Amino acid sequence: MDVSQGSLLLSHIEYLYTGDDEVGEIRDAGVFVLGNVIQWVGRMADLPEEALQADRVLDLKGQLVTPGMINTHHHLFQSLTKGCKEDGELFDWLTYLYGIWQHLQPHQMHISALMSMAELMMSGCTLTTDHAYIYPNECKIDDLIQAAKDIGIRFQPVRGAMSLGQSKGGLPPDNVTEDEASILEDCERILREYHDPRPFAMLRIALGPCSPFSVTRQLMKDTAALARQYKGVRLHTHLSENFKDLDYHAEVLQQTPGEYITECGWNQDDCWFAHCVLLSDDEICMFSKAQCGVAHCPSSNMRLASGVAPIEKLVAAGVPVGIGVDGAASNDTSNLVAEARLALLAARIREFRPPTQDSKVVPGNPMAMDVRTALKVATVGGARCLGRQDEVGVIRPGMAADIVAWEMRKGVGFAGAQHDPVAGLLLSAAWGQYCSFNIVNGRVIIEDGNFVTIDLEAVIQKHNAASKELFAAAGVKPTCS
């Protein structure tokens, strides 16, 4: 426990959603934090004497308080290229954007991460991962790590990689790939320099070759072997994202996605996979038995017309499932609470089919997922994917103080939704309201809707300038120019 930052009392919380089945949901609640760890949760009428002596008190009347949300899949650098190739499916979209991303510079990586992290935190995120797989022009994962330190978010980045270029049968052009020996060498470097396996670590590293169509089997195997030499290092990649992905598995790899990850040694509980839109029932069963995690990314999957992952089946099977906003060039935002809302709605409509001349309508299922299940997926579900369910994801004594508050008295988001604030958050407020407080590891990062760690307007201006620089370097002219 780090007690250097003193104690904090969240007082007179209008409605507390803890995410913990035993603690439950409480009106007129309090949360007492010592250092970075939650010490007490309960009704204000039962406030312990110690909490009355808190160094700082935040009065949260009229506010909903939830656990910090966890983003399980992202590509932070893509915030520089929103709105590109808006009519493309996955492979066409990637092929177009590789030509732009190859011009990325280190300062652009840093500011793109800072911008994406800001939007994540404003939308309730306290812990994010990032799958950074392209490193042109001396860009390094260090640029992203510095951004996380600057803004104050808990960070678990994935050192991604692409090694299988077009000349070797892969999708990416050769000039955005890396030599596999160099990849593994850099993985070892960042593990030694940055990885912190201790409880409540603010920075923890994962490893993740990008995808089956951009790396070799050998790199998948070697990366897994390297990760398992270190405590708490997890593995991540893309899997079963769309029909071309499955075609590549069948025609080039000559294996199903499940067979491929099994051969590579990735069918284990230290692995989580992005998308999994087209998993078979057998593969869902395999994920359940192995406790492989899934990062569900509904916006990206809809934007690229990939499909809708069978999230309700995965959750019912006990698979660890979290929410991922995915890259901001295929979402095209980093709004995590809005992503949780879309996951809820997508689960309900996934099986709907309109009537045809030969068949009746196949209805959707409004009971496929409820709001509290969706919020659990966005919190403790993400914690399970990242192997941190004993540290974050719920509000109870002994857990890290990663806590978010949402003002319910101002704005239109919660108007008419006071009777059930949890439903109000996901069904009503998610698209139009950012959080009022964001607390990470006991430290207040957003207070009354404003960052205390960064100048948001300055970040936005620098980000727009970096985006213009990148497009200019790639020779892409703005529309109507």
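What you see is a predicted model; the values in this text were computed from it and never measured.

*Asks:* Give me the packing of helix H5 (residues 180-194) against helix H6 (residues 217-227): which residues, what numbers.
*Replies:* The interhelical angle for the contact between H5 and H6, taken along N-to-C directions, is 20°, at an axis separation of 11 Å. Considering the angle they form, H5 stands roughly parallel to H6. As H5 packs across H6, the resulting crossing turns out to be right-handed. Between H5 and H6, the residues in contact are Glu180, Ile183, Leu184, Cys187, Glu188 and Leu191 and Leu219, Asp222, Thr223 and Leu226, respectively. Classifying every residue of the contact of H5 with H6 gives 6 nonpolar, 1 polar and 3 charged.

*Asks:* Quick one: what's the story with the packing of aromatic side chains, residue by residue and with numbers?
*Replies:* In the structure shown here, the tally under the stated rule is 8 aromatic pairs. Their ring planes at 80° and their centres at 6.2 Å tell us that Tyr98 and Trp101 sit as a pair that is edge-to-face. Of this pair, Tyr98 and Trp101 both sit in helix H2 (residues 90-101), separated by 3 residues, roughly a single helical turn. Note on Phe213 and Tyr248: the rings are 6.3 Å apart at their centroids and 75° apart in plane angle, and the pair reads as edge-to-face. Taken together, the residues span a long stretch of sequence, with Phe213 in the loop between strand E9 (206-209) and H6 and Tyr248 in helix H7 (residues 243-253) at a distance of 35 residues. Across the pair, Tyr248 and Phe213 agree in class, each one buried. Through a chain of ring-to-ring contacts, the aromatic side chains of Phe77, Trp93, Tyr98, Trp101 and Tyr133 assemble into a single cluster.

What counts and how
Residues numbered from 1 in each chain as written. Predicted model: local features only at pLDDT ≥ 70, side-chain atom pairs only at ≥ 80, totals over all residues. Heavy atoms only, no water. Axes fitted to C-alpha atoms, helices over the stretch in contact; angles between N-to-C directions. Helix = DSSP H or I, 4+ residues; strand = E, 2+ residues; numbered from the N terminus. Parallel < 35°, antiparallel > 145°, perpendicular 65-115°, else oblique. Left-handed = near helix turned anticlockwise from the far one by under 90°. Contact = heavy atoms within 4.5 Å. Nonpolar A, V, L, I, M, F, W, Y, C, P; charged D, E, K, R; others polar. Phe/Tyr/Trp six-rings, centres within 6.5 Å; stacked < 30°, edge-to-face > 60°. Buried < 20%, exposed > 50% of the residue type's maximum accessible area, 1.4 Å probe, protein only.

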